[in-house]
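What follows is the residue order along each chain.
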Amino acid sequence: MEIIQSPSDMTSWSNRMIVDGGKIALVPTMGYFHDGHLALMKRAREECDLLVVSLFVNPIQFGPNEDLDKYPRDFEGDAAKVEQVGSDVLFAPDASAMYRSPLTRVVVSGLTETLCGSDRPRHFEGVTTVVAKLFHIVKPHVAVFGEKDFQQLAVIRRMVGDLNWDISIVGHPIVREHDGLAMSSRNMYLSSEERKKALSLSSALAFARGRVQAGCLDAEELIAEISTRFFSEIDEVQVDYISIINSEDLSPQQKISENSQLAIAAKVGKTRLIDNCRLFEE
Ligand code: PAF
């Protein structure tokens, strides 16, 4: 596996591979890999003959009071894991190479002001800007993203469609711990008490799916039930939102239907966690 740091070296590598008929899959990441990341990489491996994993803790998607400085990092450990998956390249630029004095941002309006965007005002423009840059630098044919960041995936799909990019965006299902907690690099911030409380997110999703199966199709009623049953009496768990939305345009829904997605964000202690699911069985 090659470790490439310079964006222009990365592009030269991709150009050489593409001239030879290679098809490139990209998995963009911020590192500190867990099994969820590895599942994305394995999925990407199946999609194309060449795999590039990017590792870049993107400063412009963090707000001023967020965890950029303490975001977990383990370059050596990450590189070993990427190598084991059989990646061809680990692309790990540093911030000065990615952003010299940037004046340009890529903004997907409409989908980014709600849900996580209402609490994290410039977060998604940071994500779309860096993903657009990674797409230009790496030139992938396929890019794989996790469905845990459900809004992010919808925003990226929209960006790619709106800008006529010939890149196929693949969403990979959420990978969970044995007890249901969605895997996330931020889970490492949780104390053991908080770790137990964090289960209220995945338990709420499972409960909601059961209620829909039993015939509850009223979004407001279901949200009220979830919030009373799972979040009203737990200290240190503060809900940011519980929303039932259309899975493509993220618009709020009154009546639950085939394309309804339930999305939850909550702070457990100081750690902000998100989770989501389709409400109807697939
Ligand atoms: O999902 C993430 O880890 C990040 O938002 C991404 C897509 C790598 C962009 O920095």
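Note: the structure precedes this text.
In this report, we go over the structure that sits alongside the text. (Residues numbered from 1 in each chain as written. Predicted model: local features only at pLDDT ≥ 70, side-chain atom pairs only at ≥ 80, totals over all residues. Heavy atoms only, no water.)

### Re the pattern of salt bridges
The condition that has to hold: Any Lys or Arg side-chain nitrogen located within 4 Å of an Asp or Glu carboxyl oxygen qualifies as a salt bridge. The numbering of helices and of strands both runs from the N terminus, where a helix is a DSSP run of H or I of at least 4 residues and a strand a run of E of at least 2. Each residue is assigned to one of three classes by its accessible area relative to the maximum for its type, calculated with a 1.4 Å probe on protein chains only: buried under 20%, partly exposed between the two thresholds, exposed over 50%.
Counting across every chain of the model gives 16 salt bridges. Note that K196 is salt-bridged to E193, the shortest N-O span being 3.2 Å. With K196 and E193 both in helix α8 (residues 192-197) and 3 residues apart, this pair spans about one turn of that helix. Exposure remark for K196: the relative accessible area of 55% places this residue in the exposed category. Residue E193 is classed as partly exposed on the basis of its relative accessible area of 44%. Within this structure, D119, D240, K267 and R272 form a network of salt bridges that share partners.

### What to know about the nonpolar core
As a reminder of what qualifies: To form a nonpolar core, buried Ala, Val, Leu, Ile, Met, Phe, Trp, Tyr and Cys residues must be joined to one another through side-chain atoms within 4.5 Å.
Core analysis: the biggest nonpolar cluster contains 44 residues, and M10, V52, F91, F135 and I169 have the highest contact counts within it. Examining the composition of this core, we find that 9 residues originate from one element, helix α6 (residues 123-138), more than from any other. Ranked by size, the runner-up nonpolar core spans 26 residues in total, among them I226, I244, I256 and V268.

### Considerations on the layout of surface pockets
Cut-off, in case you're wondering: Cavities and pockets were defined on a 1 Å grid built over protein atoms only: a cavity is a set of grid points that admits a 1.4 Å probe from which the probe cannot escape, a pocket is an open set flanked by protein on both sides within 12 Å along at least five of seven lines, and lining residues are those with an atom within 4 Å of any such point. Grid points are joined across faces, edges and corners, and a volume is the space filled by probe spheres set on the points. Each residue is assigned to one class: nonpolar for Ala, Val, Leu, Ile, Met, Phe, Trp, Tyr, Cys and Pro, charged for Asp, Glu, Lys and Arg, and polar for all the others, Gly among them.
The space that makes up the second largest pocket amounts to roughly 590 Å³. If you go around the second largest pocket, you meet 22 residues; those closest to its centre are E147, F150, Q261, N276 and R278. Counting residues per element, the ones that place at least two in the lining of the second largest pocket are α7 (150-162), α9 (199-213) and β9 (271-278). A per-element tally of the lining of the second largest pocket places α7 first, with 5 residues. Looking at side-chain class alone, the lining of the second largest pocket contains 9 nonpolar, 4 polar and 9 charged residues.

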